[in-house]
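Topology and contacts: notes
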Amino acid sequence: MATAQNNLSDYNASEVPSGKGLRIALVVSEWNAAITEGLCRGAEETLLAHEVAPEDISRISVPGSFELVYGCNTAQQKADAVIAIGSVIQGETKHFDFVCQGVTQGIVQLNLNAAVPVIFCVLTDNTLEQAQARSGGKHGNKGVEAAVAALKMAALNRL
């Protein structure tokens, strides 16, 4: 498992561009809220640490991870970068596979069809414990990693 050797919260802050003047949208799934709220908190704290003004961070809540694509498409209209935050945990049916595939392909399409980057911060874990470990637990916080990626990708449009 790739995360086992890396902490998702570890990064070199000097390599992250300033977020001053950037508008960042967090599109957050309400499903598995205990996980997605931790991811959102990690992303928001990281954005603030890199000079994104609180009023330039917006949040859109959507019912589940599948709805992230629509929410991100909407958010692209008024943001410099969008972070899709969700958590899909394996269950007893194939629903997990369909949701994960749909969200992944949807976010790929958004990135190909618009000038505003959408960052994939959707955990696709086998167990709740794995999701907890990646949303502020022993493996760090994927939200931190996503915020860093959002700042780096938004900086591409400043060139």
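The structure contained in this document is the topic of the report that follows. Because the structure is a prediction, the values reported are computed rather than measured. Here the residue index of a chain counts from 1 through its sequence in written order. Two thresholds apply to this predicted model, a pLDDT of at least 70 for residue-level local features and 80 or more for giving and counting side-chain atom pairs, whereas whole-chain, interface and lining totals are computed over all residues. For the side-chain quantities, the full set of heavy atoms in the structure was used; hydrogens and water were omitted.

1. Things to note about the overall build of the chain
Helix and strand labels come from DSSP, where a helix needs a run of H or I of at least four residues and a strand needs a run of E of at least two; each type is numbered from the N terminus. Secondary structure assignment for the chain yields five helices and six strands. Taken from the N to the C terminus, the helices and strands of the chain come in the order β-α-β-α-β-α-β-α-β-β-α. A compact globule built from 159 residues would reach a C-alpha radius of gyration of about 15 Å, and the chain, at 15 Å, matches this within 12%. Across its three principal directions, the C-alpha atoms of the chain cover 45 × 30 × 25 Å. Residues classed as buried in the chain amount to 45% of the 159 residues present. Within the chain, contacts between residues at least 6 apart in sequence are counted, and of these 79% link residues at least 24 apart. The protein chains shown are the only cover counted for residues, whose accessible areas, like all others here, come from Shrake-Rupley with a 1.4 Å probe. When the accessible surface of the chain is split by element, carbon and sulfur atoms take 53% of a total near 8,200 Å². Under the counting rule used here, the positive set is Lys and Arg, the negative set is Asp and Glu, and His together with the chain ends is not counted. To locate a charge, take atom NZ for lysine, CZ for arginine, CG for aspartate or CD for glutamate. Mean positive and mean negative side-chain charge positions of the chain (11 and 16 charges, respectively) differ by 4 Å. For the radius of gyration, the atoms used are the C-alpha atoms, and the globule rule reads 2.2 Å times the number of residues raised to 0.38. Three labels apply to residues, based on accessible area from a 1.4 Å probe with only protein chains included: buried if under 20% of the type maximum, exposed if over 50%, partly exposed otherwise in between. Every residue pair with non-hydrogen atoms within 4.5 Å of one another is taken to be in contact.

2. Details of the pairing of strand β1 (residues 24–29)
Across the six residues that make up β1, a large majority, six, are buried. Of the two faces of β1, the one lined by I24, L26 and V28 and the one lined by A25, V27 and S29 are each fully buried. At least two DSSP bridges between two strands are needed for those strands to be called paired. Summarising the sheet, β1 and strand β2 (residues 57–62) pair through six bridges and their orientation is parallel. Bridge pairing links I24 to I57 in β2. When the strands point away from the viewer, a crossover counts as right-handed if the path from the first strand over the helix to the second runs clockwise. In the classification by handedness, the crossover that spans β1, the intervening helix α1 (residues 33–49) and the parallel β2 is right-handed. As judged from the five bridges shared by β1 and strand β3 (residues 81–89), these two strands associate in the parallel manner.

3. Structural notes on the nonpolar core
As used here, the term nonpolar core means buried Ala, Val, Leu, Ile, Met, Phe, Trp, Tyr and Cys residues forming a set that is joined through side-chain atoms within 4.5 Å. Within the largest apolar cluster, 25 residues are counted, with the highest numbers of intra-cluster contacts made by I24, L26, L47, I83 and I85. Those elements giving two or more residues to this core turn out to be β1, α1, β3, β4 (118–125) and α5 (142–156). When residues of this core are assigned to their parent elements, the largest contribution, six residues, is made by α5. Leaving out residues up to four positions away in the same chain, I83 has contacts with I24, A25, L26, V27, A43, L47, I119, C121, A146, A147 and A150. Counting 20 residues, the second largest nonpolar core, distinct from the first, contains V27, V82, L110 and V116.

4. Focus on unusual backbone geometry
With a phi angle near 60°, N32 is a residue other than glycine that sits in the positive phi range. Relative to the helices and strands, N32 is located in the loop between β1 and α1. Even without being glycine, E51 reaches a positive phi, approximately 75°. With relative accessibility at 46%, the residue E51 sits in the partly exposed group.

5. With respect to the packing of helix α2 (residues 68–75) against helix α3 (residues 95–113)
Contact pair α2 / α3: the axes reach a minimum separation of 9 Å and the direction vectors enclose 15°. Judged by the angle between their axes, α2 and α3 are roughly parallel. Here α2 and α3 pass one another in a crossing that is right-handed. Contacts from V69, C72 and N73 of α2 reach α3 at G102, V103, G106, I107 and L110. Residue classes follow a fixed rule: Ala, Val, Leu, Ile, Met, Phe, Trp, Tyr, Cys and Pro count as nonpolar, while Asp, Glu, Lys and Arg count as charged, and any other residue, Gly among them, counts as polar. Along the lines of polarity and charge, the residues of the contact of α2 with α3 split into five nonpolar, three polar and no charged. Here, axes are lines fitted to C-alpha atoms. For helices the fit covers the stretch in contact, and angles between N-to-C directions go from 0 to 180 degrees. Note on angle classes: values under 35 degrees are labelled roughly parallel, values over 145 roughly antiparallel, values of 65 to 115 roughly perpendicular, and the remainder oblique. Left-handed describes a crossing whose near helix is turned anticlockwise from the far helix by less than a right angle; the clockwise case is right-handed.

6. Some points on the sheet that holds β2
Judged by pairing direction, the sheet is parallel, and its four strands sit side by side in the order β2-β1-β3-β4 without closing on themselves. Either end of the sheet is taken by a strand with one partner, and the two such strands are β2 and β4. Adjacent strand axes in the sheet meet at a mean angle of 15°, parallel and antiparallel pairs treated alike. Contacting β3 and β4, α3 crosses the sheet at an angle of about 170° to β4.

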